[in-house]
Amino acid sequence: MAAEGGGKEMNEIKTQFTTREGVYKLLTHSEYSRPNRVPFNSQGSNPVKVSFVNVNDQSGNGDRICFNVGRELYFYIYKGVKKAADLSKPIDKRIYKGTQPTCHDFNPLTATAESVSLLVGFSAGQVQLIDPIKKETSKLFNEERLIDKSRVTCVRWVPGSENLFLVAHSSGNMYLYNVENTCGTTAPHYQLLKQGEKYAVHTCKSKTARNPLLRWTVGEGALNEFAFSPDGKFLACASQDGFLRVFVFDAAELHGTMKSYFGGLLCVCWSPDGRYIVAGGEDDLVTVWSFLDCKVIARGHGHKSWVSVVAFDHCTTTVEDGDAPAEFSGSDEDFHEQIHFGAGRDRANSSHSRLSKRNSTDSRPVSVTYRFGSVGQDTQLCLWDLTEDILFPHLPLSRTRTHTNVMSATNPPATEQTTAATTTVSTTTTNSSSSDGKDNGSSSSTSGNTANSLPSTLPRSNSLPHASNPAGGSTPNSHTGSSSNSSSSTKGNSIIDSTFIATSVSKFATLSLHDSRKERHEKDHKRNHSMGHISSKSSDKLNQLSLSRMAKADTKTLGTTLCPRMEEVPLLEPLVCKKIAHERLTVLIFLEDCLVTACQEGFIYTWARPGKVGLLSSQNNPANSPSGTVV
């Protein structure tokens, strides 16, 4: 294993790392890039992004990969840990003039071995629908840039739909499109449909069906990323104004909000069971937010610059069944819908239903540990464990704060195994009685979280220095007032037919406990890596305006439930924190046999999971594989 330690060794690129489940190894021959393998000069270009789809072909090699590098877009068969990459034979390659691809997404519902639907967003605001297998360009949306002229930051198919997709722009707007509709020859006219705290939804006024169906205006400044919940019903948005906003998608209602410690939020993801959201951004932190309780439950400090991607590892999560009865957040109708989910939405038999088994009155809920990862502009990969002591600070059961017991590697809890040395974690154990009242169909679910401040300072074992003075913010408790115009809405008043909103939840495997390790007193920011997203001139002006407003509002949010102080929530430290590239990292995707990362030089790395490295038959056969090197 590559050396760990201080001095010169800290700058070495790691080719493997060890976790409790074993050794992850970089497969140099499974590296994807441009065919010439020359590092891309990334100055002034958009981040490299990667999308996967499985076409379910009979050969057993159904994975396909798409990635953008500069003005180029590539589509390959992805062989992963099975065979070496053959870069000389892309299925499709496209070079664009005048604009650059910024993001892309496959529709898994319609993918076959003969055809796939790939959406591609561009720096000038257009969205293209292509089929890289048939090599057809079927449609171009916002072609005349009449809908939005700013850069596309995120594009996603609506879960469970073959025709609907959602597009976010650096203007702060999101648009809902239907692939069957045209965009019209004139600029769209809008009519207000719903409005709330720092957001508004408009419909497009037109005598004939046209795009966009809806326009969402969310926050101030760019909308950097959004993510649908595993069941497709909720939408989490990470914005440049530093706010995470979670919406009931089909009703367009605000469920809850969170504020970054400072600066913008750049990335967001959901836990596989939809209970937790992790966001990262310009505060160099990863923040864990509870969907049920609408509050920050932990922060993670390991990166030395902006966090560009966060992702949960659905294959490395521990779920131990208990005797506790199932607890469901929502109405009786929703509960029955979850149990009888239908053949096409295989949730009832998945680990999702087991993760729902938790009894708030029981002293020991179901044992659950989540693994998630993050990559940043500091070129580092971090892996994190979200464990029971953070999720359920239930012992002793009281309304007061407490200092958790000291955990030792030689004396682990009965249900878990720990890899950390003797450590102490500060946690809050305030009882949350509001989770039972959450209704998935109404933003009034935040009624139990209206407290404007948190308890006084907790004992600290791990946190950032008090001296840091963040800049950024907005009005406090925006989620508590979000239902002013929509609290009377019900599930029946959905904006989009709920039959469109569906998706499956992945299966889980094994994982265990990790505690924070040591106290950090310094925070070394590598600002030379913090180049941020390349944005258009219009969004630059928007961001400058929002920065000045954020600075004024910062004191209003810090120390509230929107943005607790560093000492008021547990601070996680990474299970793994390794430098794995020379350029800033822009991709982190967890697959069944491996995890995939990518850097701005245009190299896509495959890291074999423990025990999976032997599947690559040509790994040690130079004659069969290109001369891949670790960069």
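Residues numbered from 1 in each chain as written. Predicted model: local features only at pLDDT ≥ 70, side-chain atom pairs only at ≥ 80, totals over all residues. Heavy atoms only, no water.

Considering the pairing of strand S17 (residues 223-228)
Here comes step 1: Within S17, 6 of the 6 residues are buried, which leaves the element mostly enclosed by the surrounding structure.
Here comes step 2: As judged from the 5 bridges shared by S17 and strand S18 (residues 234-239), these two strands associate in the antiparallel manner. The residue bridging Phe-226 from the neighbouring strand is Cys-237, located in S18.
Here comes step 3: Between S17 and the antiparallel strand that follows it, S18, lie 5 residues; Gly-232 among them carries a positive phi value of about 80 degrees. (Buried < 20%, exposed > 50% of the residue type's maximum accessible area, 1.4 Å probe, protein only. Helix = DSSP H or I, 4+ residues; strand = E, 2+ residues; numbered from the N terminus. Pairing = 2+ DSSP bridges.)

A word on the sheet that holds strand S19 (residues 243-248)
Here comes step 1: With antiparallel pairing, the 4 strands of this open sheet are ordered in space as S17-S18-S19-S20. Single-partner strands in this sheet number two, and they are S17 and strand S20 (253-259). Between one strand and the next, the sheet's axes are offset by a mean angle of 20 degrees, whatever the strand orientation.
Here comes step 2: Note that S19 and S20 share 6 bridges and pair antiparallel. Looking across to S20, one finds that Arg-245 is bridged to Thr-257. (Axes fitted to C-alpha atoms, helices over the stretch in contact; angles between N-to-C directions.)

Considering the pattern of salt bridges
Here comes step 1: The tally for this structure, following the rule as stated, stands at 14 salt bridges.
Here comes step 2: A salt bridge links Arg-37 to Glu-31; the shortest N-O distance between them is 3.1 Å.
Here comes step 3: In this structure Arg-37 comes out as buried when scored by relative accessible area, which is 18%.
Here comes step 4: One salt bridge in this structure joins Arg-609 and Asp-313, with 2.8 Å as the shortest N-O distance. On the criterion of sequence distance, the pair formed by Arg-609 in the segment after strand S35 (604-608) and Asp-313 in the loop between strand S25 (307-312) and strand S26 (318-320) is long-range, its members being 296 residues apart.
Here comes step 5: Looking at Arg-609, the relative accessible area reads 6%, which means it is buried.
Here comes step 6: The buried category is assigned to Asp-313, whose relative accessible area is 0%.
Here comes step 7: Look at the salt bridges and you will find they share partners, linking Arg-20, Glu-21, Arg-371 and Asp-385 into a network. (Salt bridge = Lys/Arg side-chain N within 4 Å of Asp/Glu carboxyl O.)

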